Amino acid sequence: MRSTRIAITAATLGALALPVLSATASAAPAAAPTALASSCYDLPPLPYEVHTAAVTIRSRATTNSTALGILYRSHKFTVHKKSGNWLYITDRTTGVKGWVSGTYVYRDVRMCLD
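Bear in mind the structure is a predicted one, so any value in this text is a computation, not a measurement.

So, how was this worked out
Residues numbered from 1 in each chain as written. Predicted model: local features only at pLDDT ≥ 70, side-chain atom pairs only at ≥ 80, totals over all residues. Heavy atoms only, no water. Helix = DSSP H or I, 4+ residues; strand = E, 2+ residues; numbered from the N terminus. Contact = heavy atoms within 4.5 Å. Areas by Shrake-Rupley, 256 points an atom, 1.4 Å probe, with all protein chains shown as cover. Buried < 20%, exposed > 50% of the residue type's maximum accessible area, 1.4 Å probe, protein only. 1 Å grid on protein atoms, 1.4 Å probe; cavity = no way out; pocket = protein on both sides within 12 Å on 5 of 7 lines; lining within 4 Å. Points joined across faces, edges and corners; volume = space filled by probe spheres on them. Nonpolar A, V, L, I, M, F, W, Y, C, P; charged D, E, K, R; others polar. Core = buried A, V, L, I, M, F, W, Y, C linked by side-chain atoms within 4.5 Å. Pairing = 2+ DSSP bridges. Phe/Tyr/Trp six-rings, centres within 6.5 Å; stacked < 30°, edge-to-face > 60°. Lys NZ or Arg CZ within 6 Å of the ring centre and 35° of its normal. Polar contact = N/O pair within 3.5 Å; in protein donor to acceptor, adjacent residues only side chain to side chain.

Engineer: Give me the lowdown on the overall build of the protein chain, citing residues and values where you can.
Structural biologist: The helix and strand tally for the protein chain stands at 1 helix and 7 strands. Order of helices (α) and strands (β) in the protein chain, N terminus to C terminus: α-β-β-β-β-β-β-β. In the protein chain, the share of contacts with a sequence separation of at least 24, taken over all contacts with a separation of at least 6, comes to 44%. Counting every atom, the protein chain has about 8500 Å² of accessible surface; 60% of that belongs to carbon and sulfur.

Engineer: Describe the environment of Gly98, listing the residues and the values that go with them.
Structural biologist: Following the sequence through the fold, Gly98 ends up in strand E6 (residues 97-101). Exposure remark for Gly98: the relative accessible area of 2% places this residue in the buried category. Considered as a pair, Gly98 and His80 are 18 residues apart in the sequence and their alpha carbons are 9.9 Å apart.

Engineer: Now, about the layout of surface pockets: what can you tell me, with residues and values included?
Structural biologist: Roughly 180 Å³ of internal volume is contained in the largest pocket. Residue lining of the largest pocket: Pro47, Tyr48, Glu49, Val50, Arg73, Ser74, His75, Lys76, Phe77 and Arg92, and that is the complete set. The leading source of residues in the lining of the largest pocket is strand E1 (residues 48-50), at 3 residues. Classifying every residue of the lining of the largest pocket by side-chain character gives 4 nonpolar, 2 polar and 4 charged.

Engineer: Help me get a handle on the nonpolar core, residues and values and all.
Structural biologist: Ranked by size, the top nonpolar core spans 9 residues in total: Val50, Val55, Ile57, Leu71, Phe77, Leu87, Ile89, Val100 and Val105. When contributions to this core are tallied by element, the ones reaching two or more residues are strand E2 (54-58) and strand E5 (86-91).

Engineer: Give me the pairing of strand E4 (residues 77-83): which residues, what numbers.
Structural biologist: Here is the key point about a regular strand: its side chains alternate between the two faces of the sheet. As paired elements, E4 and E5 share 6 bridges and run antiparallel to each other. Within E5, the position partnered with Ser83 by the bridge is Trp86. Joining the antiparallel neighbours E4 and E5 is a turn of 2 residues, in which Gly84 adopts a positive phi near 65°.

Engineer: Quick rundown of the packing of aromatic side chains? Include the residues and the values.
Structural biologist: Counted under the stated rule, the structure contains 1 aromatic pair. Here Lys81 stacks its cationic end above the ring of Tyr88, 5.7 Å away from the centre of that ring.

Engineer: Lay out the environment of Lys97 in plain terms, naming residues and giving numbers.
Structural biologist: Note that Lys97 resides in strand E6. For the pair Lys97 and Val79, spaced 18 residues apart in the sequence, the C-alpha separation amounts to 9.8 Å. If we skip the residues at most four places from it in the chain, Lys97 touches Ile57, Leu68, Tyr88, Ile89 and Thr90.

Engineer: Could you give an account of the side chain of Ser65, naming the residues involved and the relevant values?
Structural biologist: Along the polypeptide, Ser65 turns up in the loop between E2 and strand E3 (67-72). Engagement of the side chain of Ser65 in a polar contact is seen with the backbone oxygen of Thr62, the distance being 2.8 Å. Apart from the residues lying within four places of it in its own chain, the contact partners of Ser65 are Arg58, Ser59 and Arg60.

By themselves, these are just geometric observations and shouldn't be taken as functional.
Written out as structure tokens, the structure reads:
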């Protein structure tokens, strides 16, 4: 009895999955673009963003250094240089210059599927 139920369930699931798989397989080539105007690699890098509510701006690239200010998520900033996992930035909202941790301030990555 139990083996019959398992066989019927497997057959039913297979019958239900087959139209879904064949529909996605036949629709995939039609949905793919035929010619791209430019490659994903030609696009400029994504901007740096604050990926937390706020991050402390410090005088040196270490957590033990003096705090100079706070860089909030909404603030615009410019990255001047990078040292390890630290970024030397200028907060364009307040004018404060200093180091912020790259753990909280980083660029998102663009994935190119060529």
